[in-house]
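A look at the structure
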Amino acid sequence: MTLTMNMPAMKAGQGKKSKFKVAGLALSGETMMYVLFIIVIMAVVVLNWNKFLDLGRLGSQYLEMSNIQTAASSYAAHRRDGEGPSSMQDLIDGVTATDSITGAAVTDLLNADSGRFKGGVYKDAFGSDFVFGTNANGNRYIASPGPDRQAGTDDDLYAYY
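This one's a predicted model, so the numbers in the text were calculated from it and none came from an experiment.

The rules behind each value
What you see as residue numbers is a count from 1 along each chain, following the sequence as written. Given that this is a predicted model, residues contribute local features only at a pLDDT of at least 70 and side-chain atom pairs are listed and counted only at 80 or more, while totals for whole chains, interfaces and linings are drawn from all residues. Each side-chain value is worked out from all heavy atoms of the structure, with water and hydrogens disregarded. At least two bridges found by DSSP between two strands is the condition for calling them paired. In this text, helices come from DSSP runs of H or I with a minimum length of four residues, and strands from runs of E with a minimum of two, each type numbered from the N-terminal end. Here, axes are lines fitted to C-alpha atoms. For helices the fit covers the stretch in contact, and angles between N-to-C directions go from 0 to 180 degrees. Exposure classes here rest on a 1.4 Å probe applied to the protein chains alone. A residue is buried below 20% of its type maximum, exposed above 50%, and partly exposed in between.

**Considerations on the sheet that holds strand S7 (residues 157–160)**
Reading across the sheet, the three strands line up as S5-S6-S7 and stay open at both edges, with antiparallel pairing between neighbours. Strands with a single pairing partner mark the edges of an open sheet, and in this sheet they are strand S5 (131–134) and S7. Taking the axes of each pair of neighbouring strands and ignoring which way they run, one obtains an average angle of 25 degrees across the sheet. Bridge analysis of S5 against strand S6 (residues 140–144) gives four bridges, and the strand direction is antiparallel. Bridge pairing in S6 links Gly-133 to Tyr-141.

**Brief notes about unusual backbone geometry**
Leaving glycine out, the prevailing phi sign among residues is negative, and the prevailing peptide bond configuration is trans. The phi angle at Asp-108 is positive, at roughly 60 degrees, despite the residue not being glycine. Examined against the element boundaries, Asp-108 turns out to sit in the loop between helix H3 (88–93) and strand S3 (117–118). Asp-108 sits in the exposed class, given a relative accessible area of 66%. One non-glycine residue, Arg-149, adopts positive backbone phi at about 60 degrees. As for its placement among the helices and strands, Arg-149 is situated in the loop between S6 and S7. For Arg-149, a relative accessible area of 41% gives the class partly exposed.

Okay, here's the thing in structure tokens:
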């Protein structure tokens, strides 16, 4: 038994993928979809690149704030008067022998080479200065102004010690 199928004769050019001309190049419909997909992905990446970078900076800043919080707690614990640091430079310089509860200088609380110490100033991940203060309840804190680089806004990061 033999099966035969009667197929209509194809005219010249039938059965080929249709082509689009883009910048003088002939592209098939499938290739055109790939090109459009890549353009959309690139647009999303470019338009959201700063948000993506800020997410990385936030993660880095949380780790940095944890280290600074530990250094600030040690600073206050080693001081005779219990005062906390008022700047990043206090943490880098440490506690002098005259201010120390043991009478010996306490150094290396925070190493200037370990973080973002540039131009004589220790900056946060967003390029802003850290803010040292005490809240209304008397709790000491170190704050990073966050992605918007403005202190006192909702995106600020705080470390209490």
